[in-house]
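Fold and contact review
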Amino acid sequence: MTDIRTDWKTDEVLELLEAPLMDLLYKAQGVHRANHEDNTVQLASLLSIKTGACPEDCKYCPQSAHYAKKTGLKKESLMDVDAVLEKAQMAKDAGASRFCMGAAWKEIPKKGEDFDKVIKMVEGVTDLGMEACVTLGMLNQEQADRLAKAGLKAYNHNLDTSPEFYEKIITTRTYQDRLDTLECVRNSGVTICSGGIIGMGETMTDRARMLEILANLDPQPESVPINALVPVAGTPMGERTRVDPLELVRMVATARIMMPKTRVRLSAGREMLNREAQILCLMAGANSIFYGEKLLTTANNDTLEDQKMIEDAGMKVA
Ligand code: SAM
Ligand code: DTB
Ligand code: SF4
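Now for a description of the structure that goes with this document.

**A short note on the overall build of the protein chain**
Along the backbone of the protein chain there are 12 helices and 10 strands. Relative to the compact-globule value of 20 Å for 318 residues, the protein chain shows a C-alpha radius of gyration of 18 Å, a close match. Seen through its principal axes, the protein chain has C-alpha atoms that stretch 50 × 40 × 35 Å. Looking at the protein chain residue by residue over its 318 residues, the buried ones come to 56%.

**A look at unusual backbone geometry**
The residue after aspartate 218, namely proline 219, is reached through a cis peptide bond having omega 0°. Turning to its location among the elements, proline 219 is positioned in the loop between α9 (204-215) and β7 (223-228). Even without being glycine, alanine 53 reaches a positive phi, approximately 60°. On the secondary structure map, alanine 53 appears in the loop between β1 (40-50) and α3 (68-71).

**A look at the environment of glycine 129**
Summarising the element assignment, glycine 129 is placed in the loop between α5 (113-127) and β3 (131-135). On the basis of relative accessible area, glycine 129 is assigned to the exposed category, the value being 66%.

**Regarding the packing of aromatic side chains**
Counting across every chain of the model gives 1 aromatic pair. When the ring of tyrosine 166 is compared with that of tyrosine 175, the centres are 5.3 Å apart and the planes differ by 80°; the resulting orientation is edge-to-face. As far as the burial class goes, tyrosine 166 and tyrosine 175 line up, both buried. One residue, arginine 5, lies across the ring of tryptophan 8, its end atom 4.1 Å from the ring centre. The cationic tip of arginine 265 hangs over the ring face of phenylalanine 290; the distance from NZ or CZ to the ring centre is 5.6 Å.

**A closer look at the site of ligand 2**
Neighbouring ligand 2 are 13 residues, the closest being Asn158, Asn227, Leu296, Thr297 and Thr298. With respect to ligand 2, the side chain of asparagine 156 contributes an N or O atom lying 3.4 Å from a nitrogen atom. Between ligand 2 and asparagine 227, the relevant distance is 2.8 Å, taken from an oxygen atom to a side-chain nitrogen or oxygen of the residue. Out of a free accessible area of 400 Å², ligand 2 has 88% covered by protein chains.

**Quick notes on the site of ligand 1**
If you check the shell around ligand 1, you find 16 residues, and the closest are Tyr60, Thr135, Asn158, Asp160 and Val230. Tryptophan 105 is positioned with one of its backbone polar atoms (N or O) 3.4 Å from a nitrogen atom of ligand 1. One of the backbone N or O atoms of valine 230 is found 2.9 Å from a nitrogen atom in ligand 1. One can see that ligand 1 is located within the largest cavity. Looking at side-chain class alone, the shell around ligand 1 contains 10 nonpolar, 5 polar and 1 charged residues.

**With respect to the layout of surface pockets**
The space that makes up the largest pocket amounts to roughly 440 Å³. Contributing to the lining of the largest pocket are 21 residues, with Leu46, Leu47, Lys87, Glu293 and Lys294 lying nearest its centre. Those elements giving two or more residues to the lining of the largest pocket turn out to be β1 and α4 (81-93). Broken down by element, the residue count for the lining of the largest pocket peaks at 4 residues, all from β1. Partitioned by chemical class, the residues of the lining of the largest pocket number 10 nonpolar, 6 polar and 5 charged. Here the second largest pocket defines a volume of roughly 170 Å³.

**A look at the pattern of salt bridges**
For the structure shown, the criterion picks out 20 salt bridges. For aspartate 80, the salt bridge is made with lysine 117, and the minimal N-O distance between the two is 3.4 Å. Taken together, the residues aspartate 80 in the loop between α3 and α4 and lysine 117 in helix α5 connect sequence positions 37 residues apart. We note a salt bridge from arginine 275 to glutamate 276, for which the minimum N-O separation is 3.7 Å. For arginine 275, a relative accessible area of 37% puts it in the partly exposed group. Here the salt bridges do not stand alone but share partners, grouping Arg275, Glu276, Lys308 and Asp312 into one network.

**What about the nonpolar core?**
Ile49, Tyr60, Leu147 and Tyr155 are the most contacted members of the largest nonpolar core, which totals 93 residues. With 8 residues, helix α10 (residues 245-258) is the largest single contributor of residues to this core. The contacts of tyrosine 60, once residues within four sequence positions are left out, are Asp160, Ile169, Ile170, Arg178, Ile197, Met200, Leu229, Thr235 and Met237. If you look at the next biggest cluster of nonpolar residues, it comprises 10 residues, including Ala44, Ala268, Phe290 and Leu295.

**Looking at the pairing of β1**
Most of β1 is tucked away: 11 of the 11 residues are buried. Here 2 bridges tie β1 to strand β10 (residues 316-317), and the two strands are oriented parallel to one another. Considered in β10, the bridge of valine 41 is made with valine 317. Bridge count for β1 against strand β9 (residues 286-290) is 3 bridges, and the pairing is parallel.

Each value, and the rule that gives it
Residues numbered from 1 in each chain as written. Chains lettered and ligands numbered in written order. Predicted model: local features only at pLDDT ≥ 70, side-chain atom pairs only at ≥ 80, totals over all residues. Heavy atoms only, no water. Helix = DSSP H or I, 4+ residues; strand = E, 2+ residues; numbered from the N terminus. Rg over C-alpha atoms; globule rule 2.2 N^0.38 Å. Buried < 20%, exposed > 50% of the residue type's maximum accessible area, 1.4 Å probe, protein only. Phe/Tyr/Trp six-rings, centres within 6.5 Å; stacked < 30°, edge-to-face > 60°. Lys NZ or Arg CZ within 6 Å of the ring centre and 35° of its normal. Near = heavy atom within 4 Å. Polar contact = N/O pair within 3.5 Å; in protein donor to acceptor, adjacent residues only side chain to side chain. Areas by Shrake-Rupley, 256 points an atom, 1.4 Å probe, with all protein chains shown as cover. 1 Å grid on protein atoms, 1.4 Å probe; cavity = no way out; pocket = protein on both sides within 12 Å on 5 of 7 lines; lining within 4 Å. Sits in = over half its atoms within 2 Å of the grid points. Nonpolar A, V, L, I, M, F, W, Y, C, P; charged D, E, K, R; others polar. Points joined across faces, edges and corners; volume = space filled by probe spheres on them. Salt bridge = Lys/Arg side-chain N within 4 Å of Asp/Glu carboxyl O. Core = buried A, V, L, I, M, F, W, Y, C linked by side-chain atoms within 4.5 Å. Contact = heavy atoms within 4.5 Å. Pairing = 2+ DSSP bridges.

Given below as structure tokens:
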């Protein structure tokens, strides 16, 4: 058993992030083994249930209406419940145990049919015996409670980066808005999935601050996705170079040490990693990956290659 600390200081986090890699990996693997079943990985599939035309201006995001002219991404309306459940069944048949549905909304619509449809999707996915997760933007307490009643397992809402760097990335909603959403999720009894992105031009201190804030939530998030920026042409970050995979390994390892019980998910950007870099991330404490050929709008790794990687590493799906 490992003590769970919610009093992390930025300097301590930086020290972990910048430690000699072997020391960092050794420590992270020790924490991982003490708190999770050995040699296992969870497969989570993603589906964009409502794509594009989002009023927010997140500079990394292909779904923002602000960059639609340049990205050329077509706006779609909310998918039908049956079509979503069909995709969930396919994901289950392919081996996924968690199904995450994403909508390009600033916030959940206050009333109307769209939220009713999402509730049906959550109920349907739960009835399939899968963990249902949604990411729908900001929400209020009433909406969180309704999702909880429908059986929702997790709500994803990322902090994305540090509070200091945040305003360079998003101007249409505040960091505090995000924390308020997470609090409603926590109060509803739905588990929290919250993480962020590296590779947007942030400093090491920004990365440390984001992990510090996530780990100091009490209780800590049950799940933390670590994304590497996928630069999408037409977004303000379309020209950025990809992060060094070892930086992703360091983020995963540090998150694992700070949040021993949390599921750390190796998320967007995995398709740029070779098999060995992915395995280093798993060794560093990642125990969940997004599985299926598409993330929300961008490509993900090939499913057969993923299965082979898991098999070659002697791991099993859990
Ligand atoms: N609209 C909702 C929201 O922002 O909360 C949900 C969907 S949004 C696409 C979910 C997360 O995907 C973002 O918070 C961000 O961390 C991640 N994301 C979006 N575009 C990305 C990109 N190009 N590269 C890496 N991660 C990205
Ligand atoms: C998360 O942190 N990463 C996922 C999930 N939560 C919803 C989304 C990644 C999106 C990558 C860009 C795209 O495919 O549009
Ligand atoms: Fe909208 Fe979410 Fe994309 Fe931001 S990350 S533009 S809120 S879909």
